[in-house]
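Architecture and fold: a report
As a plain string of letters, each chain reads:
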Amino acid sequence: MADIEIEIDGNIINAKAGEMLIAVTDREGISVPRFCYHKKLSIAANCRMCLVDVEGAPKPQPACSTPISDGMKIHTQNDKAKASQKAVMEFLLINHPLDCPICDQGGECELQDVAMDHGSDVSRFTEGKRIVADSDIGALIQTDMTRCIHCTRCVRFGAEVAGIMEMGGTGRGEDMKIEPFLAEGIQSELSGNMIDVCPVGALTSKPFRYELRSWQMNAVSNVARHDLVGSNIYTQTYKGRVKRIVAKDNESVNETWISDRDRFSYEGLSHENRLLVPKIKVEGAWQEVEWNVALDFAVRGLEKNVRQADQLGALSSNTATLEEFYLLQKILRGTGSENIDHRLNVKDIDNTISLESNIKLAGLEGVDHALVIGSNLRLEQPMINHRLRKASLSGASIDVINAMAFDFNYRINSENIIAPNQTALTLASILKSVLKSAHTEVPEYLGNAEVTEIATQLANQLTDSDNSVIILGEHVINNPQALSISNLISEIAQKTNSTILNVSATANSMAAGLAHFVPGKGGLDVNAMLAANLNAYILLDIYPQYDFHHSVQAIEALSNDDTFVISLNSFKDDVVSEYSDVLLPIASFYETSGSHVNVEGKVQSFTAAVNAPSDAKPAWKVLKVLADLLELPGFHYADSMQVTSEIMHKSYKQHVHDENIDITVKRGVNVIWQKSPYAVDVLSRHAVSLQDTKIGQINSASMNKATAKKLEITQGDNYLGVPVSISESVANSCVFVNANHAIRGQS
Amino acid sequence: MNEVCFKTLDQKDPWSLKTYEANGGYSVWRKILKGEFTPEQIIDELKTSGLRGRGGAGFPTGLKWSFMPRNADMQKYVVCNSDEGEPGTCKDRDILRYNPHSVIEGMAIGGFVMNATKGYNYIRGEFMEPFYRFEGALKEAYAEGLLGENLYDSSVSFDLYTHLGAGAYICGEETALLESLEGKKGQPRFKPPFPANVGLFGMPTTINNTESFASVPDILAKGGQWFADIGVENSGGCKLFSVTGHVNEPANFEVPMGTSFKDLLEMAGGVREGHTLKAVIPGGSSTPVLTAEAAMAMTMDYDGIEKAGSMLGAGSVIIMDDSTCMVETLTRLAHFYYDESCGQCTPCREGTGWLYRVLKRIMDGNGKADDIDLLMGVQDKIMGNTICALGDAAAMPVESFLRNFRKEFEYYIEHGKSMVKG
Ligand SMILES: Cc1cc2nc3c(=O)[nH]c(=O)nc-3n(C[C@H](O)[C@H](O)[C@H](O)COP(=O)(O)O)c2cc1C
Ligand code: SF4
Ligand code: SF4
Ligand code: FES
């Protein structure tokens with residue numbers, strides 16, 4: 001686009017021909033009022049608030065939909081522009097209830113703000129005002145549609161970003177109503193963003209309803225830790241509590257949006273189930289004690305039980321901060337133990353995925369092809385899925401290899417529902433096809449793979465695109481051939497010049513890698529530790545029945561009479577109480593400073609927005625004091641930032657992985673076990689409103705009829721503690737478990 | 001009279017292919033199929049003819065057709081606007097009933113000129129008879145090989161489809177019509193981009209009124225100059241005027257542009273016995289009302305009507321005699337726009353209801369002294385601030401009624417009853 005000169009309010013401004021006027025005024029800091037315009041949504045030009053005077057145009061022109069051209073002279077403030085803006089403001093207000101004192105948007109309402117600048121004091125409207133009936137649209141969004149100004153931002157958000165048009169405008173004229181088309185209400189995993197885009201109090205946060213005014217709260221920048229994105233957020237706090245979470249712009253991470261999980265999980269923070277006081281177990285009975293007593297007890301316990309350094313193990317959940325991972329591994333290594341692991345949900349560490357991502361989040365929207373393997377991306381990594389959807393909308397083709405059919409919110413080029421035990425073979429066929437068409441030698445291990453028509457198609461897509469990515473998801477981690485799958489993907493990516501995005505381990509698992517929270521030389525991995533009957537453990541926010549793949553064995557091993565267990569937990573849990581000897585209450589999300597490492601390796605640090613409740617303390621501090629009491633050197637940190645910078649100065653060599661590839665099909669039924677999207681971690685499990693959504697209800701062991709027959713179970717039965725649902729959308733010989741162990745109760 | 005669109009009106013089965021062809025119909029189309037016409041020639045003839053869009057805005061048709069990127073490598077469309085919803089107009093309905101082939105031929109010619117191989121005729125939802133007539137004519141044209149692919153072994157193809165609307169006035173606005181045709185809610189799009197660049201299904205599209213298309217075949221058969229000479233300067237040819245209201249013989253009349261209003265009124269049998277002319281809306285309800293005096297001095301062409309203080313619009317002449325209460329009439333019109341606003345943009349959605357409610361309140365005897373200023377203020381705030389011209393159309397009658405007949409409004413407000421009807 002050519003550079004041109006235009007004149008705005010007498011100032012010469014350089015811009016690009018064809019840019020919308022409002023983009024130029026926004027860049028230049030010239031204020032033009034608007035309601036319907038939103039930089040991330042299509043233009044609607046319906047509110048008419050942005051009318052300005054363009055010399056030569058007979059009518060005032062909307063800045064949001066007027067492309068600029070060379071020499072254009074624009075007045076945003078002259079009488080003509082002001083008269084139009086004032087006129088529109090008056091129209092917007094005549095049917096608006098103006099009940100700001102009882103409206104939740106009060107204080108952060110765009111209508112209020114613009115009215116202060118552009119409205120009149122007295123209304124000349126004396127006719128009756130419009131009243132619009134509300135409908136219940138779900139657990140997360142409160143509607144007050146009488147306040148709606150029909151800007152259609154929410155409608156466009158649904159259609160364009162969420163990818164399902166849940167809100168729409170029905171009726172016409174004054175009776176036009178913005179409402180969901182379907183009685184089920186709003187179900188998108190990104191629905192909360194409608195609250196952010198709604199300029200008025202028509203759509204507000206239901207859990208936050210009538211709580212507080214925005215100006216009463218402090219907004220602290222923060223980073224969400226539920227997935228691999230690390231979406232930027234503001235935690236809004238009042239009197240030491242997180243009251244609401246809204247999105248914070250960060251173009252390269254989450255743009256302007258956040259997932260509902262990141263927005264509403266804070267409700268769990270005030271759940272009655274929080275662990276609040278340190279406790280020690282004396283002769284089988286729990287005693288609430290002071291911190292120093294508990295830590296002393298812990299240290300003495302370790303001294304007594306760990307007679308050999310390698311009798312101590314450390315395990316952590318994937319939601320720990322980078323600094324917590326680091327300090328805990330440093331303690332272990334300081335005592336001489338290499339028994340360190342966070343891969344609790346992996347069945348067999350020797351057969352696991354080892355793939356490095358090499359594409360940026362923002363780069364994802366520029367791909368022209370993607371092959372997604374083993375992921376329900378939309379519910380697992382909503383913001384990554386959103387980037388891929390953008391790529392799809394700009395023409396990228398997307399192929400899928402999954403064990404079950406899922407709802408994607410973009411067009412899938414070819415959806416291949418393949419039994420887990422066929423995944424490696426399918427990838428081998430793809431690789432073989434790639435090699436054959438490149439006339440390269442086919443290695444021996446691909447001998448058995450038959451190049452099927454589907455494999456050829458999938459291979460050609462990868463070869464023929466200039467910018468393709470292979471995305472590997474969670475469902476594959478416990479595939480009997482996980483390692484082979486991972487190695488095949490490496491090969492295919494290399495041969496087809498594709499990038500890789502590995503989303504198989506979520507939350508802050510990238511930080512665990514960066515902090516070297518894995519066994520070192522001679523150390524035991526998680527499963528080996530459990531089998532080895534260690535004498536002592538330090539466990540970081542672990543809830544074994546949900547977190548371990550081998551949960552029964554884990555609980556058994558931890559419950560051993562002669563095993564001393566120090567548990568740092570943010571929430572109470574009966575099983576944890578059962579096997580632990582010391583319970584140390586720790587801060588949850590937003591209550592501690594620390595860092596998240598996202599899928600592209602970006603380290604994002606955050607401060608604590610609030611203090612942890614009662615006696616609970618940030619885990620990094622607890623670990624530091626524990627190290628001091630153990631008289632380990634090198635723990636003189638004044639704050640978590642010093643820990644962070646120490647980590648950034650280290651670099652751990654990635655351990656070499658096994659390049660073995662085995663494509664023989666293993667017989668038998670495969671179980672893909674996954675936490676339900678709103679129960680991925682202890683905080684989301686306790687977030688009550690999220691559980692009341694459609695996604696929150698996901699809790700099933702899905703399998704097709706044939707598999708059910710083989711397992712001799714029927715619909716309504718339980719399988720692995722989860723209700724059985726018979727569905728032909730699941731591949732043969734596969735049970736797809738989506739377990740939701742939400743904890744009900746008061747928040 | 002009745003030289004172009006209505007020329008077969010008095011013949012037997014005027015809507016049939018036989019009658020149409022007996023009067024020279026499809027001669028231009030057949031010439032095109034034989035390669036005897038170029039698009040450039042056609043555009044030149046149209047420009048010479050002075051034909052201006054008959055849908056209301058009066059945009060020169062030749063010029064409009066020349067805007068289409070005819071060489072762009074994508075599907076292009078021609079769309080005929082037969083939604084005819086403007087209060088006072090009923091001319092397109094009669095073209096479809098009595099001369100549907102002229103619309104088909106006009107659209108086919110348009111398709112050839114603009115390299116658009118597909119056309120749609122969007123017919124108002126209530127027009128069942130016109131719909132069946134047009135469908136019947138389409139069948140005949142297909143059977144005769146005049147529509148379809150590679151017609152008469154030429155490289156010219158043109159397929160034409162009928163679409164029945166669902167009775168919303170706003171779907172007559174060209175971009176709302178396109179939305180509706182795409183199966184969406186009928187709401188105008190903002191411009192730019194214009195339909196010539198981004199139209200139906202995002203493809204270049206030209207939209208013309210039924211009468212505009214129906215005039216094209218004769219213009220090309222007899223020459224642009226012939227058509228121009230029928231009319232006057234700036235208003236080529238003849239035009240259909242729908243004369244309704246307080247006249248003895250309401251009807252459609254196809255008369256040369258420039259005909260005096262007086263003559264037109266006479267053709268319609270004059271004002272009812274025992275009454276005198278009070279006011280005239282010359283171009284459909286969206287155009288400003290004129291006093292009898294101004295109307296009687298006016299000629300029926302673009303410039304003539306503008307000089308009198310109004311607009312030719314769709315040529316829908318609404319005659320009001322001295323029994324008309326202007327407050328009541330304006331209230332009825334205001335209700336129409338209030339009812340028909342699509343609701344998309346703020347000034348029209350909120351303003352049309354406001355206008356109607358104030359007028360209704362006056363009618364109910366609860367008028368207030370400053371209501372006239374209020375009405376003037378509100379219409380002024382709608383005017384020019386909306387996405388489509390419906391906003392202006394709602395504002396203009398209010399302004400002109402109040403300006404020309406202010407006393408009647410003042411009387412109603414003061415006395416709580418009509419000055420005319422008591
Ligand atoms: C509210 C509104 C209603 C309209 N209704 C009609 C209609 O019923 N028929 C029509 O031909 N044009 C109608 N128009 C005008 C069209 O938008 C468009 O200008 C016309 O179809 C172009 O054709 P022409 O150039 O042949 O006049 C309407 C415009 C507005 C703003
Ligand atoms: S609900 Fe809010 S975002 Fe949606 S149209 Fe109404 S005002 Fe706009
Ligand atoms: S002016 Fe009225 S009819 Fe036209 S787009 Fe706006 S609301 Fe709809
Ligand atoms: S912001 Fe431009 S019309 Fe709404």
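Reading guide: rules and limits
- Residues numbered from 1 in each chain as written.
- Chains lettered and ligands numbered in written order.
- Predicted model: local features only at pLDDT ≥ 70, side-chain atom pairs only at ≥ 80, totals over all residues.
- Heavy atoms only, no water.
- Axes fitted to C-alpha atoms, helices over the stretch in contact; angles between N-to-C directions.
- Helix = DSSP H or I, 4+ residues; strand = E, 2+ residues; numbered from the N terminus.
- Parallel < 35°, antiparallel > 145°, perpendicular 65-115°, else oblique.
- Left-handed = near helix turned anticlockwise from the far one by under 90°.
- Contact = heavy atoms within 4.5 Å.
- Nonpolar A, V, L, I, M, F, W, Y, C, P; charged D, E, K, R; others polar.
- Near = heavy atom within 4 Å.
- Domains from an automatic or database assignment.
- Core = buried A, V, L, I, M, F, W, Y, C linked by side-chain atoms within 4.5 Å.
- Buried < 20%, exposed > 50% of the residue type's maximum accessible area, 1.4 Å probe, protein only.
- Buried area = accessible area lost by both parts, 1.4 Å probe.
- Salt bridge = Lys/Arg side-chain N within 4 Å of Asp/Glu carboxyl O.
- Polar contact = N/O pair within 3.5 Å; in protein donor to acceptor, adjacent residues only side chain to side chain.

1. Remarks on the packing of helix H6 (residues 100-114) of chain B against helix H7 (residues 128-143) of chain B
Residue and element names in this part refer to chain B. It is the contact of H6 with H7, at a shortest axis distance of 9 Å, that shows an interaxial angle of 60°. By the angle between their axes, H6 is oblique relative to H7. The interaxial crossing formed by H6 with H7 has right-handed handedness. Only Arg133, Phe134, Ala137, Leu138, Glu140 and Ala141 of H7 make contact with H6, whose side of the interface consists of Pro100, His101, Val103 and Ile104. Residue classes in the contact of H6 with H7 are distributed as seven nonpolar, one polar and two charged.

2. So, the site of ligand 3
Surrounding ligand 3, one finds 13 residues, the nearest of these being Ile170, Cys342, Cys345, Cys348 and Cys388 of chain B. Broken down by class, the residue content of the shell around ligand 3 amounts to eight nonpolar, five polar and no charged.

3. Some details on the domain arrangement of chain A
Assigned domains of chain A: these are domain 1 (3-93), domain 2 (279-344 + 517-648), domain 3 (362-502) and domain 4 (670-739). For domain 1 of chain A versus domain 3 of chain A, the separation of C-alpha centres amounts to 46 Å.

4. Quick word on the nonpolar core
With 78 residues, the main nonpolar core has Phe35, Leu111, Phe157, Ile384, Leu388, Ile471 and Leu501 of chain A as its most contacted residues. Top contributing element to this core by residue count: helix H4 (residues 153-162) of chain A, with five residues. Setting aside chain neighbours within four positions, we find Phe157 of chain A in contact with Leu41, Ala162, Leu190, Asn193, Met194, Val197 and Trp257 of chain A. In this structure, Ile32, Leu46, Met68 and Phe127 of chain B belong to the second largest nonpolar core, which totals 52 residues.

5. Let's talk about the interface of chain A and chain B
Each partner contributes residues to the interface: chain A has 33 residues there, and chain B has 34 residues. Where chain A abuts chain B, roughly 2,800 Å² becomes buried across the two surfaces, and 53% of that area is made up of carbon and sulfur atoms. The largest per-residue losses of area from chain A upon contact with chain B belong to Phe91, Arg172 and Glu174 of chain A, which jointly make up 27% of the total buried on that side. The interface formed by chain A and chain B holds six salt bridges in total. Across the salt bridge formed by Arg357 of chain B and Glu174 of chain A, the nearest N and O atoms sit 2.7 Å from each other. Joining chain A to chain B, the criterion identifies 21 residue pairs in polar contact (both at pLDDT 80 or more). Those elements giving two or more residues to the side of chain A that touches chain B turn out to be helix H2 (79-94) and strand S7 (167-170) of chain A. Counting residues per element, the side of chain A that touches chain B draws most heavily on H2 of chain A, at seven residues. A per-class count over the side of chain A that touches chain B returns 15 nonpolar, ten polar and eight charged.

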